[in-house]
Amino acid sequence: MSDLPTFADVVAAAGRLQGHAHATPVLRSATLDARLGAEVFFKCENFQRMGAFKFRGAFNALSRFDAAQRRAGVIAFSSGNHAQAVALSARLLGLPALILMPQDAPQAKIAATRGYGAEVVLFDRFQQDREQLGRTLAAERGMTLIPPFDHPDVVAGQGTVAKELFEQTGALDDLFVCMGGGGLLSGCALSARALSPGCRVIGVEPEAGNDGQQSFRSGSIVRIPTPRTIADGAQTQALSPLTFGIIRRDVQDILTATDAQLVECMRFFAERMKLVVEPTGCLALAGALHGGLDLRGRRVGVVISGGNVDLQHYGRLLAEGV
Ligand SMILES: *Cc1c(COP(=O)(O)O)cnc(C)c1O
């Protein structure tokens, strides 16, 4: 496909994000390095504005609206972080936002989205087709629909995570990336190919929702029912032709992680690194720890994708597990 975004689009997105997104820190852990025999570099997007990398893609996409689009505003459907990302970006850019959220989304995420000034409409994730609902509402109100991953400007924005990481660390041997619909993974793969050509790029998704792995291995997009997993940011049913097109070209493998492994990583981040990481944000580390790849002697990037988690839920997972 020739209409896939390129690294030039990532560079343009980085320019639009300059002064708006945080340049997030890269943290290390001597304990983890010793355990893996590797040098591990954590890209901490839990410290991004609104608490996840999704601000990058949303702000980039909304920055490109023309005058008519700005007036009518933006509509988005999201299980959480994309909602907050669109709501915050819309407020910063001064345009109206309508967000469709699942009624069982974490309370913290619903409250934060309303707090950013967006109008929130709740729907039943297991009964209603959110994409159809979104398109209907968008048509009614003349708003522009910005999807969580299936959009070239969103992918380009997410790619600035890895661009920034490689600028901070230099070349890497491996890059592990959390994966739902593959927006973050495909954007990061564009940056890896341009800035660290030998780097192995590996996506990690929930075991219960391994549509991406099935798609990658079979060579065509596999759709699954909404998976039940604590990784609520990765409950997507299928990759899109856009993300899959980049992933099959630029990604080396897709691994899976169990909910129990995600909890183990949440505990590691809290106890050893003093980081609050949401379950979905632990996917990449879980893949590095349990994916069966020999990382000894390698320089390994691990993207921590976000830190938005309901505190009661977080406490219960840390104390009791899954
Ligand atoms: C959305 C999200 C993901 C998955 O991103 P995709 O672009 O859909 O693959 C991973 N982690 C967090 C914290 C997210 O919010």
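Residues numbered from 1 in each chain as written. Predicted model: local features only at pLDDT ≥ 70, side-chain atom pairs only at ≥ 80, totals over all residues. Heavy atoms only, no water.

Caption draft 1: Highlighting the sheet that holds strand 1 (residues 26-27). Taken in spatial order, the six strands line up as 1-2-10-7-8-9 in an open sheet, and their pairing is mixed. Edge positions in the open sheet fall to strand 1 and strand 9 (253-257), since each of these has one partner strand only. Direction of pairing for strand 1 relative to strand 2 (residues 39-44): antiparallel, over a ladder of two bridges. Residue pairing for strand 2: Leu-27 is matched across the bridge by Phe-42. Each of strand 1, strand 2, strand 9 and strand 10 (299-304) is contacted by helix 12 (residues 259-273), which is oriented at about 85 degrees to strand 9, the strand it contacts most. Against the sheet, helix 13 (residues 283-290) makes contact with strand 2, strand 7 (174-178), strand 8 (200-206), strand 9 and strand 10, and its axis sits at roughly 135 degrees relative to strand 7, the strand it touches most. (Pairing = 2+ DSSP bridges. Helix = DSSP H or I, 4+ residues; strand = E, 2+ residues; numbered from the N terminus. Contact = heavy atoms within 4.5 Å. Axes fitted to C-alpha atoms, helices over the stretch in contact; angles between N-to-C directions.)

Caption draft 2: Fine view of the layout of surface pockets. Looking at the largest pocket, its volume works out to about 860 Å³. Around the largest pocket, the lining is made up of 47 residues, and of these Arg-130, Pro-148, Phe-149, Thr-236 and Gln-237 lie nearest the centre. For the lining of the largest pocket, the per-class residue count stands at 15 nonpolar, 22 polar and ten charged. Lining of the second largest pocket is provided by 15 residues; of these, Asp-104, Arg-125, Thr-229, Asp-232 and Gln-235 occupy positions nearest its centre. For the lining of the second largest pocket, the class distribution of residues is five nonpolar, five polar and five charged. (1 Å grid on protein atoms, 1.4 Å probe; cavity = no way out; pocket = protein on both sides within 12 Å on 5 of 7 lines; lining within 4 Å. Points joined across faces, edges and corners; volume = space filled by probe spheres on them. Nonpolar A, V, L, I, M, F, W, Y, C, P; charged D, E, K, R; others polar.)

Caption draft 3: Focus on the pairing of strand 7. With five of five residues buried, strand 7 lies mostly within the body of the structure. Burial of strand 7 is two-sided: the residues Asp-174, Phe-176 and Cys-178 facing one way and the residues Leu-175 and Val-177 facing the other way are all buried. Summarising the sheet, strand 7 and strand 8 pair through five bridges and their orientation is parallel. Each bridged residue has a counterpart across the sheet, and for Val-177 the counterpart in strand 8 is Gly-203. In this fold, strand 7 hands off to helix 9 (residues 183-195), which returns the chain to strand 8; that crossover is right-handed. Here strand 7 pairs with strand 10 via three bridges, running parallel. (Buried < 20%, exposed > 50% of the residue type's maximum accessible area, 1.4 Å probe, protein only. Right-handed = clockwise from strand over helix to strand, strands pointing away.)

Caption draft 4: Broad picture of the packing of aromatic side chains. Throughout the structure, instances matching the rule amount to three aromatic pairs. Aromatic pair Phe-55 and Phe-59: ring centres 5.4 Å apart, planes at 35 degrees, arrangement tilted. In this pair, Phe-55 and Phe-59 both sit in helix 3 (residues 54-63), four residues apart, roughly one turn of the helix. For the pair formed by Phe-55 and Phe-59, the shared burial category is buried. Grouped by ring-pair contacts, the aromatic residues Phe-42, Phe-268 and Phe-269 constitute a single cluster. (Phe/Tyr/Trp six-rings, centres within 6.5 Å; stacked < 30°, edge-to-face > 60°.)

Caption draft 5: Seen up close, unusual backbone geometry. Positive phi values are uncommon outside glycine, yet Met-50 reaches one of about 55 degrees. Along the chain, Met-50 falls in the loop between strand 2 and helix 3. Positioned with a positive phi, Lys-274 is a non-glycine residue whose angle comes to about 60 degrees. Here Lys-274 shows up in the loop between helix 12 and helix 13. Judged by its relative accessible area of 64%, Lys-274 is exposed.

Caption draft 6: Representation of the site of the ligand in the model. Every one of the 15 residues lining the ligand counts as a neighbour, but Lys-54, Asn-81, Gly-180, Gly-182 and Ser-305 are closest to it. Contact distances for the ligand include 2.7 Å between an oxygen atom and a side-chain N or O atom of Lys-54. Put simply, the ligand lies in the largest pocket. By residue class, the composition of the shell around the ligand is four nonpolar, nine polar and two charged. (Near = heavy atom within 4 Å. Polar contact = N/O pair within 3.5 Å; in protein donor to acceptor, adjacent residues only side chain to side chain. Sits in = over half its atoms within 2 Å of the grid points.)

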